[in-house]
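Structural overview for review
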Amino acid sequence: MGSAGMSLLRLTFLGTSAAQPTLHRGLSGLAVKAHADLLLFDCGEGSQRQMVRFGTGFTVDAAFFTHFHADHYLGIIGFLRTLGMTGRTEPMHLYGPPPARRLLHQAVHLGLESLAFPVEIHELKDGDVVRRNGYSVQAVGVDHRIHALGYVLAEDARPGRFHLEKARELGVPEGPAFGKLQKGEAVTLPDGRVVKPEDVLGEARAGRRLVISGDTRPCPALVQAAKDADLLVHESTFSDDEQTRAVETRHSTAREAAQVARDAGAKRLILTHLSSRHDTDPGRLLTQAREAFKGPVEVAFDGLTVELPLRD
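Residues numbered from 1 in each chain as written. Predicted model: local features only at pLDDT ≥ 70, side-chain atom pairs only at ≥ 80, totals over all residues. Heavy atoms only, no water.

Let me state the cut-off plainly: UniProt positions are given in the numbering used here, feature names are shortened, and annotations may be inferred rather than shown by experiment.
Named according to an unreviewed UniProt entry, the chain is Ribonuclease Z originating from Corallococcus caeni. Recorded under Function (unreviewed entry), the UniProt text for the chain is reproduced unchanged: "Zinc phosphodiesterase, which displays some tRNA 3'-processing endonuclease activity. Probably involved in tRNA maturation, by removing a 3'-trailer from precursor tRNA." If you open the UniProt record of the chain and go to Catalytic activity (unreviewed entry), you find "Endonucleolytic cleavage of RNA, removing extra 3' nucleotides from tRNA precursor, generating 3' termini of tRNAs. A 3'-hydroxy group is left at the tRNA terminus and a 5'-phosphoryl group is left at the trailer molecule."

As structure tokens, this is what we get:
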């Protein structure tokens, strides 16, 4: 059976600050609406308030953690408690690199009351793939001070365009049969003939690709993962004059993030995870990134919402 891909791929930046919250920026958190799913990528302290503020809703199906520095995951503790109070019964899936099982187990069981819904914790390593309906999420090992992952959300290939006249010529009745063929399913006609999707569909269309760096130095694995990405969301903690600090802390400058986007051939770049030094005036970061990457570049802010259009 084929896949129709995703009807929607929308990002809402919940927190865009590095290490500590500021008056204008919360700690790391990104909500992604992928078709019918709502995913979290990191959940810094205060993320659930940002979800209320920016209207993402709380019906999260899974959370993916890039690593376990406190500013990237402590918000999950309160969020799980809130979900329990709202009557959630569906399982919650939590994913991350080692030591995900130990740290997330502690988070789940913090406090006296147990949760009323199951929480399943999955430890991921470089190359692991989580299959979802119409898309997958792949873990990419990156270069930080501790075990850390980036993620590639890849939409399944979408069926080719439906040729109405071909379907009519073959005698396919209009209605549900058209829908089945468009979804990649064969149809048996009343006279016993079988019409296959390839009889009435054009070539398959590539799905969208969203790449999230997490905290990292520029690394070949991320360049490879971001090949032809519709959007690369890359940390840009520092500017050029903080290069030494970037190397020491295993973070990236805005220029380095742009070089990753350039080398990968990404279509678009969004910078996030800003040092408080660039909190209200990220202009230098933007200028330096644009010198290295000629595609569209912007600096994320809390509440920024981006919807990725379908590929032609």
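1. Quick notes on the overall build of the chain
Under the convention used in this document: Segments assigned H or I by DSSP are reported as helices when at least four residues long, segments assigned E as strands when at least two residues long, and all are numbered from the N terminus. Within these notes, the globule rule equals 2.2 Å times the number of residues to the 0.38 power, and the radius of gyration is based on C-alpha atoms. Between buried and exposed lies partly exposed: a residue is buried under 20% and exposed over 50% of the maximum accessible area for its type, with that area taken using a 1.4 Å probe on protein chains only. The contact criterion used is simple: two residues touch if any of their non-hydrogen atoms lie within 4.5 Å. Note that accessible areas follow from Shrake-Rupley with a 1.4 Å probe, and for residues the cover is restricted to the protein chains shown. Charge counting follows a simple rule: Lys and Arg are positive, Asp and Glu are negative, and His as well as the terminal groups are ignored. Working definition for charges: the position is that of NZ of Lys, CZ of Arg, CG of Asp or CD of Glu.
Secondary structure summary: the chain contains 11 helices and 16 strands in total. Relative to a compact globule of 312 residues, whose C-alpha radius of gyration would be 20 Å, the chain shows 21 Å and is just as compact. Along the first, second and third principal axes, the C-alpha set of the chain runs to 70 × 55 × 35 Å. Burial analysis of the chain (312 residues in total) assigns 53% to the buried set. Taking the contacts inside the chain whose residues are at least 6 apart along the sequence as the reference set, 65% of them involve residues at least 24 apart. Of the roughly 14000 Å² that the chain leaves accessible, carbon and sulfur atoms contribute 52%. Put simply, the chain has 37 plus and 39 minus side-chain charges, and the middle of one group is 1 Å from the middle of the other.

2. Remarks on the pattern of salt bridges
Spelled out, the test is: For salt bridges, the criterion is a side-chain nitrogen of Lys or Arg within 4 Å of an Asp or Glu carboxyl oxygen.
With the rule as written, the count across this model stands at 22 salt bridges. Between aspartate 156 and arginine 131 there is a salt bridge, with its nearest N and O atoms 2.9 Å apart. Here aspartate 156, found in the loop between β9 (149-155) and α5 (164-169), pairs with arginine 131, found in strand β7 (residues 129-132); they are 25 residues apart in sequence, far enough to count as distant. Note on aspartate 156: relative accessible area 15%, which makes it buried. A residue is classified by how much of its surface remains accessible, and arginine 131, at 51% relative accessible area, is exposed. With its nearest N and O atoms 2.7 Å apart, the salt bridge here joins arginine 311 to aspartate 230. Pair noted here: arginine 311 is in the segment after β16 (305-307) and aspartate 230 is in the loop between α8 (220-225) and β13 (231-235), with a separation of 81 residues, a long-range link. No difference in accessibility class separates arginine 311 from aspartate 230, as the two residues are buried.

3. Some details on the sheet that holds strand β14 (residues 269-272)
Selection criterion: Strand pairing is assigned whenever DSSP detects at least two bridges linking the two strands. Axes, fitted as lines to C-alpha atoms, cover a helix only where it is in contact. Angles between the N-to-C directions of the axes lie from 0 to 180 degrees.
The strand order across the open sheet formed by 7 strands is β7-β8-β9-β12-β13-β14-β15, and the pairing between neighbours is mixed. Unpaired on one side and paired on the other, β7 and β15 (297-299) mark the two borders of the sheet. For this sheet, the mean inter-axis angle between neighbouring strands, taken without regard to orientation, is 15°. As judged from the 3 bridges shared by strand β12 (residues 209-212) and β13, these two strands associate in the parallel manner. The partner of isoleucine 212 across the bridge, within β13, is valine 233. Here helix α10 (residues 254-264) sits on the sheet in contact with β13 and β14, set at roughly 150° to β13. Against the sheet, helix α11 (residues 283-292) touches β14 and β15, its axis set at about 160° to β15.

4. Looking at the UniProt feature "binding site: Zn(2+) 2" (unreviewed entry) in the chain
Test applied: Cavity: a set of points on a 1 Å grid over the protein atoms alone where a 1.4 Å probe fits but cannot get out. Pocket: an open set with protein on both sides within 12 Å along at least five of seven lines, its lining residues, like those of a cavity, having an atom within 4 Å of a point.
Mapped onto this numbering, the UniProt entry annotates "binding site: Zn(2+) 2" (unreviewed entry) at Asp71, His72, Asp215 and His273. Their sequence span is 203 residues, while the largest C-alpha to C-alpha distance among them is just 11.0 Å; these annotated residues converge on one region. Within the annotated group, the residues that form the lining of the largest cavity are His72, Asp215 and His273. Summarising the element assignment, aspartate 215 is placed in the loop between β12 and α8. Relative accessible area serves as the criterion here: at 3%, aspartate 215 is assigned to the buried category. When sequence neighbours within four positions are dropped, the list of residues in contact with aspartate 215 reads His67, His72, Val142, His144, Ala148, Glu235, His251 and His273.

5. Examining the UniProt feature "binding site: Zn(2+) 1" (unreviewed entry) in the chain
Definition in use: The term polar contact refers here to a pair of N or O atoms within 3.5 Å; inside protein, the definition further demands a hydrogen-donor-capable atom paired with an acceptor-capable atom, and it admits residues adjacent in sequence only when both atoms are side-chain atoms.
In the numbering used here, UniProt assigns the feature "binding site: Zn(2+) 1" (unreviewed entry) to His67, His69, His144 and Asp215. A compact arrangement is adopted by the annotated residues: their sequence extent is 149 residues, whereas the largest C-alpha distance between any two is 10.5 Å. The subset of these annotated residues that lines the largest cavity comprises Asp215. Using a relative accessible area of 0% as the deciding quantity, one classes histidine 67 as buried. Every residue in contact with histidine 67, bar those within four places of it in the chain, is listed here: Asp42, His72, Pro97, His144, Ile146, His147, Ala148 and Asp215. Within polar-contact distance, the side chain of histidine 67 engages the side chain of threonine 66 at 2.9 Å. Relative to the assigned elements, histidine 69 resides in the loop between β4 (62-64) and α2 (70-73). Once residues lying within four places of it in the same chain are set aside, the contact partners of histidine 69 are His144, Arg145 and Ile146. Here the side chain of histidine 69 touches histidine 67 through a polar contact of 3.4 Å, side chain to side chain.

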